[in-house]
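The primary structure of each chain is shown beneath.
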Amino acid sequence: MSPLPEDISGRPFAVTEAAAADIPAGRLFARDMHRPSRGIRVPKSCSPDLPALVRSHTALDSDSFAALLTAAEVHGVPLPPWAEFRPDDGGPVTAVVEPVPWGKKSGPHFREPGRFLHLSRDSGGPLPRRRGIAGHRLKIRDGDLVEIDGLRLTSVARTWVDLGSVLPLDDLVVAGDAIVSEHARLFGLPRIAMVPLAELRAFVDRANGIHGVRKARLALDLLRVGVDSPPESKLRLLLDDAGLPAFTPNCRVDDVLNRPVWTDLGCPGTGRASSTTASIT
């Protein structure tokens, strides 16, 4: 079995790339290759690389772009486990391991969203149709698409609004907290928001007609700046649901020597504080 050229041996690639590199057609059907979809190969030896896998698909269709759950993962927006794309030994397309939180809907990409890459075209075009792809049609406006290392996908703000059509409210808040989180403390590097809260709010105000915007507007009022992790967001929502006084993320508390200490969650004036050290699911 002949080795692959170094520039494609460690990533997903299109069959057209292999032809341009003079790789024999028979080599593409060897046992060390996954074939997740028509015209695409993934060497079994390469590490999972979601952006590279998506890029190999969009390279075959210049009108398509990553959206919804796939765009969220590429941007680094946290998702619940059932929504994450999880490669395994069976190839880049796999089944989710937890039940999704909704009832029966049409299409397996609703019932098992983690099995698919979520790609879209503009609303005027046909659905992307390919094995392992959940095809969508989205109404795209100026500024809704960005490009990262040659990969086209929806912007962080647009992705969050689109997630309102897929995620339950609490999970949408967790994703939103991560997007707007920013702080500067006396230790560590300052955290910079993917999208500042005011900018996200302005985007949602202009998002009339986008599927998911109704839930996004509900979630927007629940977002808090300064959150460090999804478990912290989930704990705050649990405390709110229990009817306790509002807890503030990244709350400063001065010790007996008047030195600042930042707690994950604090309730000013009550002496209550919390630190999330375990996963909350």
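Above this note sits the structure.
Quick summary incoming for the structure in this document. Since this is a predicted model, take the numbers as computed values, not measurements. (Residues numbered from 1 in each chain as written. Predicted model: local features only at pLDDT ≥ 70, side-chain atom pairs only at ≥ 80, totals over all residues. Heavy atoms only, no water.)

Attention now goes to the overall build of the protein. Scanning the protein for helices and strands turns up nine helices and eleven strands. Relative to its 281 residues, the protein shows a buried fraction of 46%. Long-range pairs, those at least 24 residues apart, make up 53% of the contacts in the protein between residues at least 6 apart in sequence. In the structure as shown, the protein presents an accessible area of about 14,600 Å², 53% of it carried by carbon and sulfur atoms. (Helix = DSSP H or I, 4+ residues; strand = E, 2+ residues; numbered from the N terminus. Buried < 20%, exposed > 50% of the residue type's maximum accessible area, 1.4 Å probe, protein only. Contact = heavy atoms within 4.5 Å. Areas by Shrake-Rupley, 256 points an atom, 1.4 Å probe, with all protein chains shown as cover.)

All right, on to the packing of helix H6 (residues 169–180) against helix H8 (residues 213–220) then. Think of two packed helices as two axes; the pair is described by the angle between the axes and how far apart they sit. Close contact between H6 and H8 brings their axes to 9 Å; oriented N to C, the two are set at 65°. Judged by the inter-axis angle, H6 sits roughly perpendicular to H8. Considering how the two elements wind past one another, H6 and H8 form a crossing that is right-handed. Taken together, the residues of H8 that come into contact with H6 (itself represented by Leu169, Leu172 and Val173) are Lys215, Ala216, Leu218 and Ala219. By residue class, the composition of the contact of H6 with H8 is six nonpolar, no polar and one charged. (Axes fitted to C-alpha atoms, helices over the stretch in contact; angles between N-to-C directions. Parallel < 35°, antiparallel > 145°, perpendicular 65-115°, else oblique. Left-handed = near helix turned anticlockwise from the far one by under 90°. Nonpolar A, V, L, I, M, F, W, Y, C, P; charged D, E, K, R; others polar.)

For the rest of this paragraph, the subject is the pairing of strand E6 (residues 133–138). Summarising burial for E6: five of the six residues are buried, a large majority. Where strand E5 (residues 117–122) meets E6, six bridges bridge the pair, whose relative direction is parallel. Bridging across to E6, Leu117 finds its partner in Ile133. (Pairing = 2+ DSSP bridges.)

Locating Thr70 in the fold gives a position in helix H3 (residues 68–75). Classification of Thr70 as buried rests on a relative accessible area of 3%. Between the C-alpha atoms of Thr70 and Leu153, which are 83 residues apart in sequence, the distance is 8.8 Å.

Ranked by size, the top nonpolar core spans 36 residues in total, and within it Trp160, Val161, Leu200 and Leu223 carry the most contacts. Other than its neighbours up to four places away in sequence, Val161 contacts Phe203, Val204, Ala207, Ile210, His211, Gly212, Val213 and Ala216. (Core = buried A, V, L, I, M, F, W, Y, C linked by side-chain atoms within 4.5 Å.)

Further remarks concern unusual backbone geometry. At Leu68, a residue that is not glycine, the phi angle is positive and equals roughly 50°. Even without a glycine there, the phi angle at Asp149 is positive, about 50°. Mapping Asp149 onto the fold places it in the loop between strand E7 (145–148) and strand E8 (151–154). On the basis of relative accessible area, Asp149 is assigned to the exposed category, the value being 68%.

Once their charged atoms are close, side chains differing in charge can pair, the charge on each being opposite to the other. For the structure on display, the rule yields nine salt bridges. Taking the shortest distance from any N to any O, the salt bridge between Asp144 and Arg141 comes out at 3.2 Å. Of the charged contacts in the structure, one is a salt bridge between Arg236 and Asp177, with a shortest N-O distance of 2.8 Å. In this pair, Arg236 is assigned in helix H9 (residues 230–241) and Asp177 in helix H6, connecting sequence segments 59 residues apart. Take Asp177: its relative accessible area is 0%, and that puts it in the buried class. (Salt bridge = Lys/Arg side-chain N within 4 Å of Asp/Glu carboxyl O.)

All right, on to the sheet that holds strand E1 (residues 13–14) then. In space, the three strands of this open sheet follow the order E1-E3-E2, with antiparallel pairing throughout. Both edges of this open sheet fall to E1 and strand E2 (33–37), since each of them pairs with a single strand only. Note that E2 and strand E3 (residues 40–43) share three bridges and pair antiparallel. By the bridge assignment, Ser37 is partnered in E3 with Ile40. Relative to the sheet, helix H2 (residues 50–58) contacts E1, E2 and E3, its axis offset from that of E3 by approximately 160°.

What follows concerns the side chain of Arg121. With respect to the helices and strands, the residue Arg121 is situated in strand E5. Leave out the neighbours within four places in its chain, and Arg121 touches Asp61, Asp63, Ser64, Phe65, Pro126, Leu127, Pro128, His136, Arg137 and Leu138.

Further remarks concern H9. Given a rise of 1.5 Å per residue, twelve residues ought to cover 16 Å, and the 17 Å separating the end C-alpha atoms of H9 matches this to within 8%. Restricting attention to buried positions, one finds in H9 the residues Pro231, Glu232, Ser233, Leu235, Arg236, Leu237 and Leu239. (Expected span 1.5 Å × (residues − 1).)

What follows deals with the packing of aromatic side chains. Inspection of every chain in the model, using the stated rule, returns zero aromatic pairs. The lysine or arginine in question, Arg41, covers the ring of Phe29, its NZ or CZ lying 5.0 Å from the ring centre. Positioned above the aromatic ring of Phe203 is the side chain of Arg141, whose terminal nitrogen or guanidinium carbon lies 5.1 Å from the ring centre. (Phe/Tyr/Trp six-rings, centres within 6.5 Å; stacked < 30°, edge-to-face > 60°. Lys NZ or Arg CZ within 6 Å of the ring centre and 35° of its normal.)

With that settled, consider the pairing of E2. Most of E2 is tucked away: four of the five residues are buried. In this antiparallel pair of consecutive strands, E2 and E3, the connection spans two residues, and Gly39 shows a positive phi of 80°.

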